[in-house]
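Here is what each chain is made of, one letter per residue.
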Amino acid sequence: MTTTNGSAVPRRAGIADVARLAGVSVGTVSNVLNRPDRVTEKTRSRVQAAIEELSFVRNASARQLRQGRNRTVGAIVLDITNPFFTEVVRGVEDRLAEDEYTLMLGSSDEDTVREERLLRRFEEQGVHGLLVTPSHTGIETLLRMRERGVTVVLLDRSSPVPDMASVAVDDVRGAVLAVAHLLEQGHERIAFLNGPLTIRQCVDRREGVLRALADAGRDPESLVEVTVESLNADHGARAMRDLLDGDAGATATFCVNDFTALGALRTLRERGLRCPQDMALVGYDDVSFAAELATPLTSVRQPTHEMGWRAADLLLTSAEPEQVLYQPELVVRASSGG
Ligand code: RIB
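From a predicted model like this one, the values you see are computed outputs, not experimental measurements.

> Give a detailed account of the overall build of the protein chain, specifying residues and quantitative values.
Looking only at helices and strands, the protein chain has 12 helices and 12 strands in total. The C-alpha atoms of the protein chain give a radius of gyration of 26 Å, which is well past the 20 Å a tight globule of 338 residues would have. Considered along the principal axes of its C-alpha atoms, the protein chain spans approximately 85 × 45 × 40 Å. Counting every position in the protein chain, which comprises 338 residues, the buried fraction comes to 49%. Within the protein chain, contacts between residues separated by at least 24 positions form 70% of all contacts whose residues are at least 6 apart in sequence. As displayed, the protein chain offers around 16,100 Å² of accessible surface, 48% of which is attributable to carbon and sulfur atoms. The positive charge centre, built from 39 side chains, and the negative charge centre, built from 49, are 9 Å apart in the protein chain.

Now the structure itself:
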């Protein structure tokens, strides 16, 4: 075999090469690898020496194909640079490791085309199942994959159908907690930095914001809405600049997630504005950095690691699809005057 520049690539040693060098059968090598108790210590040593000399590595995918199963799980989240998903995926990984499964991970970047490409690739790889945070409100592709026998668990999304497992947080309730807190702090004009309404989390959080205003007898027209194109710090910084330049008179801002709030804080600092005195802030997720900021961030906590762990557990164990819905918790810190 040669590479594109014509240089020879050494063939990877196979199990037959190991058997030949050790002077045993392929079956004996297989026993050393899988059932070492069936082989004498002397034979085991000879085979191990041959494995080391040839730098032999088992071809797990070939073995899994022979056994008709794959111990790999695919996970597709919106953005792995968002600490929320990093912490959720760690929970996934910790559960998979308990049953010796490995994880294949990708970001859809809230892009349906990119998500579909990843879904197709993971299915072609023959993954044991998929954990997906859908990039948009529809899940038609996932339903079709399930019809083809792919097990799917929705991650950070409630299932719209009873026979698909899911793990999510009540995002409507989370946003109610955030805005009710700001109203209790006496803010008359509140801004909401939200992502595109093609993302279910953004739809639900907006519903919670409007519900909190209605519960307090406030005019929904008093809400100042600014859309962030993508739910990250750079777009949060830009949205806060737009909000301040628009001079809408908001004294508090609820950000759709902590990542966005991080950017909003950067803009306040750049403009010489104080938080919470000039602009109070509340984020969402309560990721690990929220408490570490110079102005610790008030945020709506999601049980990130547990969400990931539970979604992976549903994928590996549940006979019946289960919809798990966690309740959010408001963690009050200095950024909202707590
Ligand atoms: O990715 C968008 C957001 O949705 C994350 O920050 C987290 O809040 C998730 O629920």
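> Now, about the sheet that holds strand β1 (residues 72-77): what can you tell me, with residues and values included?
The six strands lie next to each other as β2-β1-β3-β4-β5-β11, forming an open sheet whose pairing is parallel. With partners counted over all chains shown, the strands left at the sheet margins are β2 (102-107) and β11 (323-326), one partner each. Adjacent strand axes in the sheet meet at a mean angle of 15 degrees, parallel and antiparallel pairs treated alike. Here four bridges tie strand β5 (residues 165-169) to β11, and the two strands are oriented parallel to one another. Within the sheet, the bridge partner assigned to V167 lies in β11 and is V324. Sheet strands touched by helix α5 (residues 83-98): β1, β2, β3 (129-132) and β4 (152-155). Its angle to β2, the strand with the most contacts, is close to 160 degrees.

> How would you explain the sheet that holds strand β7 (residues 224-227) if you had to name every residue and give the values?
Spatial strand order, β7-β6-β8-β9-β10-β12: six strands in an open sheet with mixed pairing. The open sheet has two edge strands with one neighbour each: β7 and β12 (329-331). For this sheet the average axis-to-axis angle between neighbouring strands, irrespective of direction, equals 20 degrees. Pairing between strand β6 (residues 190-194) and strand β8 (residues 252-255): four bridges, direction parallel. Residue pairing for β8: I190 is matched across the bridge by A252. Contacting β6, β8, β9 (280-285) and β10 (298-301), helix α11 (residues 258-270) runs over the sheet at an angle of about 155 degrees to β9.

What counts, and where the lines are drawn
- Residues numbered from 1 in each chain as written.
- Predicted model: local features only at pLDDT ≥ 70, side-chain atom pairs only at ≥ 80, totals over all residues.
- Heavy atoms only, no water.
- Helix = DSSP H or I, 4+ residues; strand = E, 2+ residues; numbered from the N terminus.
- Rg over C-alpha atoms; globule rule 2.2 N^0.38 Å.
- Buried < 20%, exposed > 50% of the residue type's maximum accessible area, 1.4 Å probe, protein only.
- Contact = heavy atoms within 4.5 Å.
- Areas by Shrake-Rupley, 256 points an atom, 1.4 Å probe, with all protein chains shown as cover.
- Lys, Arg positive; Asp, Glu negative; His and termini not counted.
- Charge placed at Lys NZ, Arg CZ, Asp CG, Glu CD.
- Pairing = 2+ DSSP bridges.
- Axes fitted to C-alpha atoms, helices over the stretch in contact; angles between N-to-C directions.

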